[in-house]
Amino acid sequence: LSEHADRRRQISDALTGKKLDALIVTGPANVRYLTGFTGSNGVALLAPERAVLFTDPRYAIQAAEEADCRVRVARGPLLPRLMAAARRGKLQRLGFEMSRISWEAYNTLSESLWLGATLEPVRGLVEELRMIKSPAEISSIRRAMALAAAAFEAAVGSIRPGIRESEVAAELDYQMRRRGAQGPAFETIVAAGARSAQPHALPTAHTLRADELVLIDVGASRNGYASDMTRMLFLGRPGKRVKGLYGAVLEAQAAALDAVREGVAAAAVDRAARQVLRRHGLDRVFVHSTGHGLGLEIHEPPRLGKRERTRLRAGMVVTVEPGAYLAGFGGVRIEDTVLVTSQGCEILTPVTKDLRVL
Ligand code: ZN
Ligand code: ZN
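The rules we used
Here the residue numbers are simple positions, counted from 1 along each chain's written sequence. Each chain is given a letter, starting from A, and each ligand a number, starting from 1, according to the order in which they appear as written. Restriction of local features to residues with pLDDT of at least 70 applies here, the model being predicted, together with a cutoff of 80 or more for giving and counting side-chain atom pairs; totals for whole chains, interfaces and linings are based on all residues. Hydrogens and water molecules were not included; the side-chain quantities draw on all heavy atoms of the structure. Whenever Lys or Arg places a side-chain nitrogen within 4 Å of a carboxyl oxygen from Asp or Glu, that contact is recorded as a salt bridge. Numbering of helices and strands starts at the N terminus; helices are DSSP runs of H or I of at least 4 residues and strands are runs of E of at least 2. A 1.4 Å probe rolled over the protein chains alone gives each residue an accessible area, and that area as a share of the maximum for its type sets the label: buried under 20%, exposed over 50%, partly exposed in between. Two strands qualify as a pair provided that DSSP identifies no fewer than 2 bridges between them. Working rule for contacts: check all heavy atoms of both residues, and any pair within 4.5 Å makes them a contact. Comment: axis = line fitted to C-alpha atoms, over the contacting stretch for helices; angle = value between 0 and 180 degrees taken between N-to-C directions. Because no water is among the atoms considered, metal sites can look incomplete, with donors defined as N, O and S atoms within 2.8 Å of the metal, or 3.2 Å for Na, K and Ca. Geometry is assigned from the angles between donors: four donors with all angles from 85 to 135 degrees make a tetrahedral site, four or six donors whose opposite pairs exceed 155 degrees while the rest stay between 65 and 115 make square planar or octahedral sites respectively, and everything else is labelled irregular. In protein, a polar contact means a hydrogen-donor-capable atom and an acceptor-capable atom, both N or O and within 3.5 Å, with residues adjacent in sequence counting only if both atoms are side-chain atoms; elsewhere, any N or O pair within 3.5 Å suffices.

## Some details on the pattern of salt bridges
Using the criterion set out here, one finds 23 salt bridges in the structure. Between E346 and R142 there is a salt bridge whose closest N-O contact spans 2.7 Å. A residue pair is termed long-range when its members are at least 10 positions apart, and E346 in strand β19 (residues 345-347) and R142 in helix α7 (residues 135-156) qualify at 204 residues. Judged by its relative accessible area of 30%, E346 falls in the partly exposed class. Between E212 and R209 there is a salt bridge; the shortest N-O distance is 3.3 Å. Assessed through its relative accessible area of 7%, E212 is described here as buried. One salt-bridge network, held together by shared partners, links R100, E127, R130, K133, E297 and E300.

## Comments concerning helix α2 (residues 28-35)
Here α2 lies mainly inside the structure; 6 of its 8 residues are buried. Buried residues of α2: A29, N30, V31, Y33, L34 and T35, and no others. G36 sits one or two residues past α2 and shows a positive phi near 95°.

## Here we look at the sheet that holds strand β7 (residues 183-184)
In spatial order, the strands read β7-β10-β11; together these 3 strands make up an open sheet with antiparallel pairing. Two strands close off the open sheet at either side, each with one partner strand: β7 and β11 (225-226). With 2 bridges connecting them, strand β10 (residues 220-222) and β11 associate as antiparallel partners. Paired with S221 across the strands is A226, a residue of β11. On top of the sheet, α7 reaches β10 and β11; it is set at about 140° to β10, its chief contact.

## Considerations on the coordination of the zinc ion (ligand 2)
Reference geometry at the metal: tetrahedral coordination by four donors gives ideal angles of 109.5 degrees; octahedral coordination by six donors gives 90 or 180 degrees. Coordination of the zinc ion (ligand 2) by the protein involves D228 (OD), H292 (NE2), E321 (OE) and E335 (OE), with metal-donor separations of 2.1 to 2.2 Å. In this structure, the zinc ion (ligand 2) is surrounded by 4 donor atoms whose angles at the metal cover 78 to 149°, and the resulting shape is irregular. Metal-to-metal, the separation of the zinc ion (ligand 2) and the zinc ion (ligand 1) is 3.1 Å; D228 coordinates the two. With a gap of 29 residues between them, H292 in strand β13 (residues 291-293) and E321 in the loop between β15 (317-320) and β16 (323-326) connect regions that are remote in the sequence.

## Topic: the coordination of the zinc ion (ligand 1)
Every protein donor of the zinc ion (ligand 1) is listed here as D217 (OD), D217 (OD), D228 (OD) and E335 (OE), and their distances to the metal cover 2.1 to 2.5 Å. Linear spacing of the donor residues for the zinc ion (ligand 1) on their chain is D-x10-D-x106-E.

## Some words on the side chain of E300
Within the element layout of this structure, E300 appears in strand β14 (residues 300-304). Reaching out from E300, the side chain makes a polar contact with the backbone nitrogen of G295 at a distance of 3.4 Å. If near-sequence neighbours (up to four positions away) are discounted, E300 is found in contact with R130, K133, H292, G293, L294 and G295.

This is how it looks when you write it as structure tokens:
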């Protein structure tokens, strides 16, 4: 059984448990996960004992090469074709991915229903399976992380006062591609000075100056799998306030990493980071969750957030990234990608966590 076929079998078993005849798979990462097809236009009909991928003529060759299930090439909209196949197959209770479909696409499905057929919302079924990574997936993420880390080290060498945030981001992206990445896993973040207080600041023409914090959040994509890391630089000699802020976030990150282990609730990892920041009076300026799963997508379940009940399991890959953001001054975030193990976690980000003083 291929890796994809094995996943399809697991989803089929889950469908049977939910008394569904089939799942209409519309999330691109889910289509890829279940069929191997990497193109941008594909939907899959997954029923026990059969799976069909629908795509358009632009992807006929690619789909034949990549997908290990039946492929139908359709001219025109895919969903009516999928529904026609479901009807011919006498499938009745059709699950659809409620968070992976547009209102318009839902209406298309609904208008193609026939007597006796129903649409049943399904939440996170494939995503749940995707949380636990196979050895092959882990090695892709490991590779993607090594590429981003090497690109980071190379790009740091080019950073000096007077360079623009956008130039640093371009250098990071270039270095990742040169080393064999398919590209950045998300838009590379380079934010200097007060802009680093915006957790998702995109690079601008702002030039790096002396005595500024610089936040770099970067990840590579490899075999479709993402990596994610954040490191901080300082141009010049950091003062007390910067050192204090950095030290607090570093301590919070260490506490969160310590909390990661199979069986621990995701919220407990978040709490570990938050408690440290509270002691430093910084919990109010830690404005996001402590981390997120990653894989075919840069943000996947589980989220390491306050109310997340999911228990961590060996084979999950998550980020651990507390931060503290002071408006008008700057922010600090320290982020590693880690593999959850039965004993704790393996940090996949091979980059030192000292504040880099340039
Ligand atoms: Zn990140
Ligand atoms: Zn992240």
